[in-house]
Each structure stands twice: as C-alpha cells, then as structure tokens.
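# Residue-level structure breakdown
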Amino acid sequence: MKNRKVNHALLAGLVFSTLISPAAVAACKGTDLSACPAPFDAALPDTHKMLTWSQADRVVGFRNDYRNYAGDVFRHGNAVALEMSDKPLTDAWYQVNGRRYGLKEYLKRQNVSGMLVLKDGKIAWKYLAQGNTDTTLWTSRSVGKSVVSALVGVALKEGKIHSLDDRITKYEPDLKGTAWDGVTLKQLITHTSGVAWNEDYTNPNSDFAQLTECEAKPGTYDCVRKLVKGLRRVHPAGESWSYSSGGAWLLGDVLERATGMTLAAYLEKSIWQPYGMASDGVWHAYSKGQHDVGAHGFNATLEDWGRFGEFILNNGMLPSGKQILPDGWVKESSGWTQAKGSVSNAHPEGLYGYQWWNNEVPANATGVEPTSQDSLKGSLWALGIFGQMIMVNPKENLVIVQWSTWPQAEPSFSAQPLEASLMFSAIARALR
C-alpha cells in the first residue's frame, strides 16, 4: 500500500462533480480549490452571530468556513492512502458521575460530527455524521493555534526565526512603546505575555467578540491590528498564564513577517505538500494573499487533520526521512508552563505549552474511570471552541481527531473536556 500513491482530491473531484450542482461547482471554483468539498450547503449562517449560532447553524457554518470568509488555499501533495488497522476499534467505555457511557453515547453527548482514531498510523475507527464526507473541510477554531506552533518550529529550524528568546519587536518594530514591548516569542507562544485579553465567548463586549466582529466586516486586518496593538499590560511578562487569541493572532503575524509568506503558503511549502496530505485546505485570510489569521481558521478534511497529528507524533519527520522540526520541539511543546494560572490541583504539571493543551484526566478527579493513573500521560491536545480536537500521544502511538458542535463554546473542564479525556483514554486502553 505504501507504494500506491492516490490523489484523493482528484478522485473526489471526479466523484462529486457528478453529484453536486453547477452552482456548487461555480462556488468551489471561486475558492481556488482543485476539488469541491461536499456537502454543498446553499444557505450559510450569519457570521456576525457566529458565537450564538444554533446547533444546526454550527454544522453548516463550520463546514463552510472556507466560503464564509476570504481564504488562502494550501495545496495537497502526493498522498498515500491511510491503511485500515487489522485491530479496529469496536467500542470503548468510560465512567463519570456514577454512570457508564460507551462510544455511541459519547458521540451524542459530545455532538460529534466527525471522529478519527489512528493507531500505529492506521485507521482504527472513523465516523462521519450530519452529512459530512471525506471531502468536507471543517474549520479548526483554535486547533489552528497548534498548527501555527508547528510552523514556528519549522521557521526556527530553517533560521527564519532566530530564537524564541527574541523579542516581538524584533519582527514588529511598530509595537515598541506598546504593552507588547519587551515580550519574547516564548512568552507569546505560551500565552504568558502579561498583556490583557478578554477571551469570554459569552460576553458580547469581550476582546474575542470584538475580534469576531472585525472578521465579519471589510478591513479585517487593520481592525484586528488596532485592537491588539491597543491592549494594556496587567502582569509582568512570563509571570502569569492567560489564554489569548489576540496574542495568538500576533504570533501568526510575526511568523508571516519572519518568513515573508502567508501562513497558508508556508504550511503548503513546508508540511502540506512534502508530507503528502490528500486534499487542499483553506486558511481564513484577513487580507487574501497577504495575511492569514494565526488564532484559528485552518480548514481541512478529517483524514488530513489526522495526518497532521501523525506529523507531530513523528516529531516533524517527512516521508522522505527529513526532519523539519527542531530536535526535541514536540517534547518542548508539552513542557507545560509553570506560570501562575497554568498550574492547578487538577493539572499540577501545568495546563498549557507551545499552543498545545494538557487535557489529561485531572489528577483530582474522583469517581471516574479510566483514572488519572491510566490517562494519556504526555499527550498533546489541540483544542478549539465548540469541541474541535487533535490529540497526539507518542507513548500509545495514537492520534485522535474530533469535530463537534458543543452547545457551549467553552464548557467547564469538568464537562465535555473531561469526558473527552476519559473517552480518549478508554480508546487507548481498548486498542492496547
């Protein structure tokens, strides 16, 4: 199978060109994609209301993000089909709050519309729902931050970025004299800049809500840059951890300035084509061909989300044998920051790294199974609002992808995130 190169995007184009309408093909051509994702939803929800979409709107909106906003395409490579595992996942179960749940119940509780389990690089289980297909491009939300993290690693390896100890102002000199002055790239990538940012998804006046409003109208780049540039400092840099999509946007902007390329173009050149991804993807652009958004906006197929997870699992090794991430980069990415706010009784080792999360079963969780002792220790979690996930666990040689439309953007960690950590640990146990 490894010698059979399959152009999935071309096959998808041949199959679905006979199934979708001329209007859909025209819309696809308008995105610069080489093949049309399916399904094609004619009516799209209002982007101004993204944070308050209904469940049905979220499904349609998340798989049409590449049409809802301007986007830059990153082209696929020569793909090798993912093989099916000879030990498929049939079921897994976990227990919480005195009740036991299996895989079917988990899918319902998490509003899952797509899920992929790769064990030893092979498909142990795949699930697509709500009309999604193998060609559907699903939006990452903040999972895109972890993709940007990997691209920062590539830029370090290539010498485009000298060091994470560099100050932001080395790449963004116009930020001298602002709250960002004196902040290093390491503090930026670990969200310990000390610069205030309100990420509250339920507050219509939060900084994140303002960013979302900027994205729904013309002049997005200038609007977001003005928002981020005008933020104030509340802590000394490096002292306190506070999650910030504004800081993540700035990291993406630094990366584009350092490489001289958009995020989409740099991803295509360094990872997407050389690794052999099967389909084109789209990155949400604030100014097409000039600026892509570092905080989110990565759109790709379920299997290509999985392939990206495999790329991280293999420490940035391409099929050619070339390693394009610095030695130890993946391990460093899960060297959780010890800054105030990251360390807790639930996660005494810390909660956040280089834009990857620690979502192990909490150390202080009671009445759960699997327990924290049987959790996915050392795993890296890319997490996005409403339940988007890539979990990478080197010890188990396991990658799990999840697409969801949770009722809340960011529920309590004792709710859906906890159940995800329990189910993913249960899946690992079932496949051992």
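As shown above, the structure is provided for reference.
In what follows, the accompanying structure is described. All figures in this text were calculated on a predicted structure; none of them were measured in a lab.

## Things to note about the overall build of the protein
Each helix and strand in the protein was counted, giving 14 helices and 12 strands. Relative to the compact-globule value of 22 Å for 432 residues, the protein shows a C-alpha radius of gyration of 20 Å, a close match. Once the C-alpha set of the protein is aligned to its principal axes, its extents read approximately 55 × 55 × 45 Å. Buried residues in the protein amount to 61% of all 432 residues. A separation threshold of at least 6 residues defines the contact pool for the protein, and within that pool the share at least 24 residues apart is 70%.

## Regarding the packing of aromatic side chains
According to the stated counting rule, one finds 25 aromatic pairs in the structure shown. Clustering of aromatic rings is evident, with ring pairs tying together Trp53, Phe62, Phe74, Trp138, Trp272, Trp283, Phe298, Trp305, Phe386 and Trp403. The side chain of arginine 109 reaches across the aromatic face of tyrosine 101, ending 4.1 Å from its centre.

## Observations concerning the state of the cysteines
A full pass over the atoms with the stated rule returns one disulfide. Disulfide partner of cysteine 214: cysteine 223, at an S-S distance of 2.0 Å. The sign of the -60° torsion about the S-S bond sets the cysteine 214-cysteine 223 disulfide as left-handed. Residue classification places cysteine 214 among the buried residues on the basis of a relative accessible area of 4%. For cysteine 223, a relative accessible area of 22% puts it in the partly exposed group.

## As for unusual backbone geometry
The omega torsion of the bond from alanine 38 to proline 39 falls at 0°, within 30 degrees of zero and hence cis. Counting through the fold element by element, proline 39 comes out in the loop between helix H2 (22-29) and helix H3 (55-62). A cis geometry characterises the amide bond from glutamate 369 onward to proline 370, with omega recorded as 0°. Considering the arrangement of structural elements, one finds proline 370 in the loop between helix H13 (329-333) and strand E10 (380-384). Here the phi dihedral of histidine 191 falls at roughly 60°; this positive angle occurs in a residue that is not glycine. Relative to the helices and strands, histidine 191 is located in the loop between helix H7 (185-189) and helix H8 (207-215). Using a relative accessible area of 4% as the deciding quantity, one classes histidine 191 as buried.

## Overview of the sheet that holds strand E11 (residues 388-393)
What the five strands build is an open sheet, ordered E5-E4-E12-E11-E10; its pairing is antiparallel. Every interior strand has two partners, whereas the edge strands, strand E5 (122-128) and E10, have only one. Ignoring strand direction, the axes of neighbouring strands in this sheet form an average angle of 5°. Where strand E4 (residues 112-119) meets E5, six bridges bridge the pair, whose relative direction is antiparallel. In the strand pairing of E5, glycine 114 is matched with leucine 128. Lying over the sheet, helix H14 (residues 416-430) contacts E4, E10, E11 and strand E12 (398-404), oriented at roughly 140° with respect to E12.

## Regarding the packing of helix H9 (residues 220-229) against helix H10 (residues 245-259)
Closest axis-to-axis distance for the H9/H10 pair is 10 Å, and the angle between their directions is 115°. Crossing geometry of H9 relative to H10 is assigned as left-handed. Contacts from Tyr221, Val224, Arg225 and Val228 of H9 reach H10 at Gly246, Trp249, Leu250, Asp253 and Arg257.

## Some details on the side chain of asparagine 358
Along the chain, the position of asparagine 358 falls in the loop between H13 and E10. Residue asparagine 358 is classed as buried on the basis of its relative accessible area, which comes to 1%. Here the side chain of asparagine 358 touches glutamate 360 through a polar contact of 3.2 Å, landing on its backbone nitrogen. When sequence neighbours within four positions are dropped, the list of residues in contact with asparagine 358 reads Trp336, His347, Gly350 and Leu351.

## Concerning the pattern of salt bridges
Inspection of every chain in the model, using the stated rule, returns 22 salt bridges. Between lysine 126 and glutamate 303 there is a salt bridge, with the nearest N and O atoms lying 2.8 Å from each other. With lysine 126 in strand E5 and glutamate 303 in helix H12 (residues 302-313), this pair connects stretches of sequence that are 177 residues apart. Judged by relative accessible area, lysine 126 falls into the partly exposed class, the value being 31%. Of the charged contacts, one joins arginine 307 and glutamate 303 as a salt bridge, the two residues approaching to 3.9 Å between their closest N and O atoms. Here arginine 307 and its partner glutamate 303 are both found in helix H12, four residues apart, which amounts to about one turn of the helix.

## Observations concerning the nonpolar core
Within the largest apolar cluster, 124 residues are counted, with the highest numbers of intra-cluster contacts made by Val152, Trp283, Phe311 and Phe424. The dominant element in this core, judged by the number of residues it contributes, is helix H6 (residues 143-158), at nine residues. Residues in contact with phenylalanine 424, not counting those within four places in the same chain, are Tyr106, Met115, Leu376, Trp381, Met389, Met391, Leu398, Ile400 and Gln402. Of all hydrophobic cores here, the second largest spans seven residues; its members include Tyr66, Val73, Leu137 and Val282.

Calculation criteria
Residues numbered from 1 in each chain as written. Predicted model: local features only at pLDDT ≥ 70, side-chain atom pairs only at ≥ 80, totals over all residues. Heavy atoms only, no water. Helix = DSSP H or I, 4+ residues; strand = E, 2+ residues; numbered from the N terminus. Rg over C-alpha atoms; globule rule 2.2 N^0.38 Å. Buried < 20%, exposed > 50% of the residue type's maximum accessible area, 1.4 Å probe, protein only. Contact = heavy atoms within 4.5 Å. Phe/Tyr/Trp six-rings, centres within 6.5 Å; stacked < 30°, edge-to-face > 60°. Lys NZ or Arg CZ within 6 Å of the ring centre and 35° of its normal. Disulfide = S-S within 2.5 Å. Pairing = 2+ DSSP bridges. Axes fitted to C-alpha atoms, helices over the stretch in contact; angles between N-to-C directions. Left-handed = near helix turned anticlockwise from the far one by under 90°. Polar contact = N/O pair within 3.5 Å; in protein donor to acceptor, adjacent residues only side chain to side chain. Salt bridge = Lys/Arg side-chain N within 4 Å of Asp/Glu carboxyl O. Core = buried A, V, L, I, M, F, W, Y, C linked by side-chain atoms within 4.5 Å.

Take it as geometry only, folks, not as evidence of what the structure does.
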